[in-house]
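Read off the chains here:
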Amino acid sequence: ILNVEQSPQSLHVQEGDSTNFTCSFPSSNFYALHWYRWETAKSPEALFVMTLNGDEKKKGRISATLNTKEGYSYLYIKGSQPEDSATYLCAFSAYNFNKFYFGSGTKLNVKP
Amino acid sequence: GAGVSQSPSNKVTEKGKDVELRCDPISGHTALYWYRQSLGQGLEFLIYFQGNSAPDKSGLPSDRFSAERTGGSVSTLTIQRTQQEDSAVYLCASSPNRGSYEQYFGPGTRLTVT
């Protein structure tokens, strides 16, 4: 079993704050790192997939970076809005690629 | 187009009963995954189907759990003699093919075992 860890477990911020969370994963047999947003009562929605060391992805106010050598990825949200409230999941897929290994998620609550 | 659908959305059952959870993947997707999320835990891989290949069942937690995929499309996850620790949200996801980076999730089935 491959261990994917996310921190913090939960986060409460005020509207307008910028925030970031961490995903750590095994640095061997790396294939891809995925970020998902999971809003209550909805399906998890893919945000980013990153495959190369040093990858940086951006989607509006949300961005992510990847370091495959040390096995971590950061997700940043600039100027948080209440609609950003969700659980953010990361998932690691290994080179033999049958499975996605998910972290337990970071639950973000943005207060207006 | 239609996304991944799951039914039922909620299921409450008594301990010891059998339950069946259904997943309809996106048409044409060859890969199908089942996961579950127990309270406070991450998404736990259960089983993976790829085309006509033998499924990867390595994540099934006990022999009370089984899954099948008929005609390469619809999948059913069956839990026999349910226990309270089986209470979780069960998610299904499909991907276009092996090695695809994309994974599309259904809305999940919330199972509560009383």
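Up top is the structure these notes are about.
Rules behind the numbers
- Residues numbered from 1 in each chain as written.
- Chains lettered and ligands numbered in written order.
- Predicted model: local features only at pLDDT ≥ 70, side-chain atom pairs only at ≥ 80, totals over all residues.
- Heavy atoms only, no water.
- 1 Å grid on protein atoms, 1.4 Å probe; cavity = no way out; pocket = protein on both sides within 12 Å on 5 of 7 lines; lining within 4 Å.
- Points joined across faces, edges and corners; volume = space filled by probe spheres on them.
- Helix = DSSP H or I, 4+ residues; strand = E, 2+ residues; numbered from the N terminus.
- Nonpolar A, V, L, I, M, F, W, Y, C, P; charged D, E, K, R; others polar.
- Pairing = 2+ DSSP bridges.
- Axes fitted to C-alpha atoms, helices over the stretch in contact; angles between N-to-C directions.
- Contact = heavy atoms within 4.5 Å.
- Buried area = accessible area lost by both parts, 1.4 Å probe.
- Salt bridge = Lys/Arg side-chain N within 4 Å of Asp/Glu carboxyl O.
- Phe/Tyr/Trp six-rings, centres within 6.5 Å; stacked < 30°, edge-to-face > 60°.
- Buried < 20%, exposed > 50% of the residue type's maximum accessible area, 1.4 Å probe, protein only.

Student: Can you tell me about the layout of surface pockets, naming the residues and giving the values?
Tutor: One number sums up the size of the largest pocket: a volume of about 820 Å³. Taken together, 29 residues line the largest pocket, and the ones lying closest to its centre are Trp38 and Thr87 of chain A together with Gln37, Val89 and Arg110 of chain B. Elements with a minimum of two residues in the lining of the largest pocket: strand E9 (86–94) and strand E11 (106–111) of chain A together with strand E8 (88–95) and strand E10 (109–113) of chain B. Considering every element that reaches the lining of the largest pocket, the biggest residue donor is E10 of chain B, with four residues. For the lining of the largest pocket, a count of residues per class yields nine nonpolar, 16 polar and four charged.

Student: Summarise the sheet that holds strand E3 (residues 19–24) of chain B; cite the residues concerned and give the values.
Tutor: Residues and elements named next belong to chain B. Taken in spatial order, the four strands line up as E1-E3-E7-E6 in an open sheet, and their pairing is antiparallel. Looking at the sheet topology across the chains shown, the edges are occupied by strand E1 (5–7) and strand E6 (65–69). When strand polarity is set aside, the average angle formed by the axes of neighbouring strands in this sheet is 15 degrees. The pairing of E3 with strand E7 (residues 75–79) spans five bridges and is antiparallel. Considered in E7, the bridge of Val19 is made with Ile79.

Student: So what's going on with the interface of chain B and chain A? Residues and values would help.
Tutor: Interfaces are often described in size by the accessible area the parts lose on coming together. Between chain B and chain A, the contact holds 21 residues from the first and 19 residues from the second. Of the roughly 1,800 Å² buried between chain B and chain A, counting both surfaces, carbon and sulfur atoms make up 57%. For the chain B face of the interface with chain A, the top three residues by lost area are Leu43, Tyr101 and Phe105 of chain B, together amounting to 33%. In this assembly, chain B and chain A are joined by zero salt bridges.

Student: I'd like a description of the packing of aromatic side chains, backed by residues and values.
Tutor: All names here are of chain A. Under the counting rule described, the total for this entry stands at 16 aromatic pairs over all chains. Residues Phe25 and Phe30 carry aromatic rings whose centres are separated by 5.5 Å and whose planes lie at 35 degrees to one another, so their mutual orientation is tilted. When sorted by exposure, Phe25 lands in the same class as Phe30, which is buried. Aromatic side chains Phe25 and Phe92 sit 5.7 Å apart centroid to centroid with 20 degrees between the ring planes, which places their arrangement in the stacked category. Here Phe25 is found in the loop between strand E3 (19–24) and strand E4 (30–38), whereas its partner Phe92 is found in strand E9, with 67 residues between them in sequence. There is no split in this pair, since Phe25 and Phe92 are both buried.

Student: So what's going on with the sheet that holds strand E7 (residues 62–67) of chain A? Which residues, and what values?
Tutor: Pairing between the strands of a sheet comes from backbone hydrogen bonds, and it takes one of two forms, parallel or antiparallel. All names here are of chain A. Pairing in this open sheet of five strands is antiparallel, and the strands run E1-E3-E8-E7-E6 from one edge to the other. Looking along the sheet, the strands with just one partner apiece sit at the ends: strand E1 (5–7) and strand E6 (56–59). The sheet shows a mean angle of 15 degrees between the axes of neighbouring strands, taken without regard to direction. Bridge count between E3 and strand E8 (residues 72–77): six bridges; the pairing is antiparallel.

The quantities given are spatial measurements derived from coordinates; they are silent on function.
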